[in-house]
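Residue strings, one per chain:
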Amino acid sequence: MYTIKNLTSQNGHVAVETRGIFTIVEHDVDYSVSPSNAQMEYFMSQMNVKRRQAVANLDGSVGLVLQAGAMQWIAGDVQATTGVKGVGDLFGKMVKGAVTKESAIKPEYVGRGTLVTEPTYKYLLMENAADWAGGLVMEDGMFLACESTVRHELQARSSFSSVVAGNEGLFNLKLTGSGACVLESNVPRSEIVEVVLDNDVLKIDGSFAICWSGSLSFTVERSGKTLIGSAASGEGLVNVYRGTGRVMLAPLTPSKSLFAATTQKTAK
């Protein structure tokens, strides 16, 4: 038996959301600072730039699939497995990792206990894969964790035009089935605009979409009916999502540049 104290509190480590086995903890105040960076840390907290962690409480009924290297500590009788069921499964995971820029093998944790992920300045979004028609498709690098009942698949673009003209990859990671999942986002949910399509069309000028339903067709098309019309509008080519489903987009900054900026800071 184990007891965890001060993991969540009203003073500093606040539990802001719970879904399935996951609880998101946000560190409102970080007092572990020195005189040289105290001012910067203060203004970061005022702009909601705070460390966040996902806490998974395992009761033995469902496992946890985690992005490789994201575990910080575990309490209780929890074992890690590779989740690989054979040579064919290993090859499939390697292919998925190569085309989606995700880790090829994501460890699966089973048993009874508590697992806490590494702290991150990104915003942690919780979704249920069953709430997305055709599965939850996401931009590269967003996956953090999910319940073991969620399946990992590849979503191919509807046409090669979306790859060449849309400056996108050929495949994206798609989560299907039922279960809670945690995504890492560079924008808070309060800034995310959600568009629900019912046999309709959404056109976006740039890579602002971060998640969308697998039931939607994604292509890149001219903004106007003719080349002259597209040139006159000043938009040229646009990303088009067509059908019935949902699209989550961050309208303030393109998702590609957001993740690139985070990567550069990490590298430094």
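Look a little higher up for the structure.
Residues numbered from 1 in each chain as written. Predicted model: local features only at pLDDT ≥ 70, side-chain atom pairs only at ≥ 80, totals over all residues. Heavy atoms only, no water.

Trainee: Describe in detail the pairing of strand β3 (residues 52-59), supporting the description with residues and values.
Mentor: With six of eight residues buried, β3 lies mostly within the body of the structure. Alignment of strand β2 (residues 22-27) against β3, held across five bridges, turns out to be antiparallel. Its bridge partner being in β3, T23 is matched across the sheet by V55. Sheet topology places β3 next to strand β6 (residues 108-117); five bridges connect them, and they run antiparallel. Each bridged residue has a counterpart across the sheet, and for L58 the counterpart in β6 is G113. (Buried < 20%, exposed > 50% of the residue type's maximum accessible area, 1.4 Å probe, protein only. Helix = DSSP H or I, 4+ residues; strand = E, 2+ residues; numbered from the N terminus. Pairing = 2+ DSSP bridges.)

Trainee: Residues and numbers for the environment of R19, please.
Mentor: Within the secondary structure layout, R19 lies in strand β1 (residues 13-19). C-alpha of R19 to C-alpha of M126: the two residues are 107 residues apart in sequence and 7.1 Å apart in space. Not counting the four nearest positions on each side in its chain, R19 is found in contact with M126, E127, N128, D131 and A180. (Contact = heavy atoms within 4.5 Å.)

Trainee: Break down the pattern of salt bridges for me, with residues and values.
Mentor: The tally for this structure, following the rule as stated, stands at nine salt bridges. In this structure, the salt-bridge partner of K50 is D28, at a minimum N-O distance of 3.2 Å. On the criterion of sequence distance, the pair formed by K50 in the loop between α1 (38-46) and β3 and D28 in the loop between β2 and α1 is long-range, its members being 22 residues apart. A residue is classified by how much of its surface remains accessible, and K50, at 14% relative accessible area, is buried. Relative accessible area serves as the criterion here: at 27%, D28 is assigned to the partly exposed category. One salt bridge in this structure joins E153 and R151, with 3.8 Å as the shortest N-O distance. Linked by salt bridges that have partners in common, E127, R189, E194 and R246 make up one network. (Salt bridge = Lys/Arg side-chain N within 4 Å of Asp/Glu carboxyl O.)

Trainee: Can you explain unusual backbone geometry? Please cite residues and give values.
Mentor: Although it is not a glycine, N48 sits at a positive phi angle of roughly 65°. Structurally, N48 can be placed in the loop between α1 and β3. In this model, N199 sits at a positive phi of 55°, which is unusual for a non-glycine residue. Assignment of secondary structure puts N199 in strand β13 (residues 193-204). Taking relative accessible area as the criterion, N199 reaches 67% and is therefore assigned exposed.

Limitation: the analysis is restricted to geometry and does not speak to function.
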